[in-house]
Structures are given as structure tokens and as C-alpha cells.
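Residues per chain are reported as follows:
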Amino acid sequence: IVSVNEENNFVIIDVGETEGVSLGDQLNVYRGADYVAGLEIIQVRKDIAAADIKSKISSIKVGDVVR
């Protein structure tokens, strides 16, 4: 996670088309081994993507890992 926009309920991640991310993909956010949130990809570029936050159990922070 490289950016979090709580107001508009989306995040920017530092993976994109190069890593195989596609529009509509469902991804999960983790902090260490702990599940933080569920995402849906809404926009993809070569090396970054934007994702809507679909569900979360705690606040997403810059540096959290997406899988």
C-alpha cells in the first residue's frame, strides 16, 4: 500500500499490469500475518493500481502488504 484515501474509500498499491493485476481482481491486505481488509481493483497502470476498499477490520496503513 503506497497511499490511502479514507475519504473516498480507496487505496493505491505498488503492483500493476506488470505483476498480472487486472481490473476487478479481489485482493487482501495484511499487516504481518493479520488480515486487515479486502480490496477490488478499479484502475490498473503498468506499475500501480487503484482499489476500492470493500471490507476492513482495521485501518489500512501505508506499508501494509497486498496479496
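These notes cover the structure that comes with them. Residue numbers run consecutively from 1 along every chain, following the written order of its sequence. Predicted model: local features are reported for residues with pLDDT of at least 70 only, side-chain atom pairs are reported and counted for 80 or more only, and whole-chain, interface and lining totals are derived from all residues. Note: side-chain values were computed over all heavy atoms of the structure, leaving out hydrogens and water.

Strand order in the open sheet formed by six strands is β1-β2-β5-β4-β3-β6, with antiparallel pairing between adjacent strands. The two strands at the open ends of the sheet, each matched to only one other strand, are β1 (3–5) and β6 (65–66). Note on pairing: two strands pair once DSSP finds at least 2 bridges between them. Runs of E in the DSSP output that reach at least two residues are strands. Runs of H or I that reach at least four are helices, and both are numbered from the N terminus. Bridge analysis of strand β4 (residues 34–44) against strand β5 (residues 49–56) gives seven bridges, and the strand direction is antiparallel. Opposite leucine 39, over in β5, you have isoleucine 53 as the bridge partner.

Below, the discussion takes up the pairing of β5. Direction of pairing for strand β2 (residues 10–13) relative to β5: antiparallel, over a ladder of four bridges. Following the sheet pairing, phenylalanine 10 is matched in β5 by aspartate 52. Between the antiparallel neighbours β4 and β5 lie four residues.

A word on the nonpolar core. Formed by 15 residues in total, the largest nonpolar core has its most connected members in Ile1, Val11, Ile13, Val29, Leu39, Ile41 and Ile60. Taken together, the elements giving at least two residues each to this core come down to β2, β3 (26–31), β4 and β5. The criterion used for residue contact is that any of the two residues' heavy atoms lie within 4.5 Å. Residues contacting isoleucine 41, with those up to four places away along its chain left out, are Ile13, Val21, Ser22, Leu23, Gly24, Asp25, Leu27, Ala49, Ala50 and Ala51. Side-chain atoms within 4.5 Å are what join buried Ala, Val, Leu, Ile, Met, Phe, Trp, Tyr and Cys residues into a set we call a nonpolar core. Think of it in three bands: residues with accessible area under 20% of the maximum for their type are buried, residues over 50% are exposed, and the middle band is partly exposed, with areas taken using a 1.4 Å probe on protein chains only.

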